[in-house]
Amino acid sequence: MPRTIDLPPVWLLAFLALAWTQARHFPMGLSFGPVWADLLGGLLVGGGVLIAAVALTEMRRQRTTFMPHAEADRLVTSGIFRFSRNPIYLGDAMILTGLILYWDAVPSLVLLPVFVWVLEKRFIVPEEARLRRKFVAEFRKYEQQTRRWL
């Protein structure tokens, strides 16, 4: 897959399109229920966008790339990166979950672990391998102190 389209937002859009299609055309009579799913969905989407924005801001502040296939100039361990090694991907997963709830797309919940698996295999594992090679001791310490997701 060309690197120009092999990006997490493209994968997120593809999974969102699948969930939306399922919700609109194949509801299967399943439902999360009334207002709480809309509220929780909205909170997850808003929280996901906020987490991703804060992480991107921290990466820009540290003057390193946020592109997943690029070589990092610095290992960012400050700000939101103290709590998660992958806050942008965490935000993406929250957005997917929130919209699945909001759209009342119950069967699409199976997409969430698949989406996380895609992120791990296509982006997180290769990124961490590059960081491990470039920032050997510093990354080892960071990896031991900070969880991959939460």
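Above: the structure in question.
Residues numbered from 1 in each chain as written. Predicted model: local features only at pLDDT ≥ 70, side-chain atom pairs only at ≥ 80, totals over all residues. Heavy atoms only, no water.

Helix length check: helix α1 (residues 8–25) (18 residues) gives 26 Å between terminal C-alpha atoms against 26 Å at 1.5 Å per residue, within 8%. For α1, the set of buried residues is P8, W11, L12, F15, L16, A19, Q22 and A23. An end-on view of α1 places all buried positions within 135° of arc, on one side of the element. Away from its buried face, by an angle of more than 90 degrees, α1 presents the exposed residues L13 and H25. Its buried side turned inward, α1 meets α3 (87–102) and α4 (111–134). (Helix = DSSP H or I, 4+ residues; strand = E, 2+ residues; numbered from the N terminus. Expected span 1.5 Å × (residues − 1). Buried < 20%, exposed > 50% of the residue type's maximum accessible area, 1.4 Å probe, protein only. Arc of directions from axis to C-beta. Contact = heavy atoms within 4.5 Å.)

Further remarks concern the pattern of salt bridges. Counted under the stated rule, the structure contains six salt bridges. Close ionic contact of R85 with E128 constitutes a salt bridge, the shortest N to O distance being 2.9 Å. With R85 in the loop between α2 (35–61) and α3 and E128 in helix α4, this pair connects stretches of sequence that are 43 residues apart. The buried category is assigned to E128, whose relative accessible area is 4%. (Salt bridge = Lys/Arg side-chain N within 4 Å of Asp/Glu carboxyl O.)

Size it by volume and the largest pocket reaches roughly 580 Å³. Around the largest pocket, the lining comprises 32 residues; the ones closest to its centre are M59, F66, I88, Y89 and E127. Those elements that provide at least two residues to the lining of the largest pocket are α1, α2, α3, α4 and α5 (136–145). With five residues, α4 is the single largest residue contributor to the lining of the largest pocket. Grouping the constituent residues of the lining of the largest pocket by class yields 21 nonpolar, three polar and eight charged. (1 Å grid on protein atoms, 1.4 Å probe; cavity = no way out; pocket = protein on both sides within 12 Å on 5 of 7 lines; lining within 4 Å. Points joined across faces, edges and corners; volume = space filled by probe spheres on them. Nonpolar A, V, L, I, M, F, W, Y, C, P; charged D, E, K, R; others polar.)

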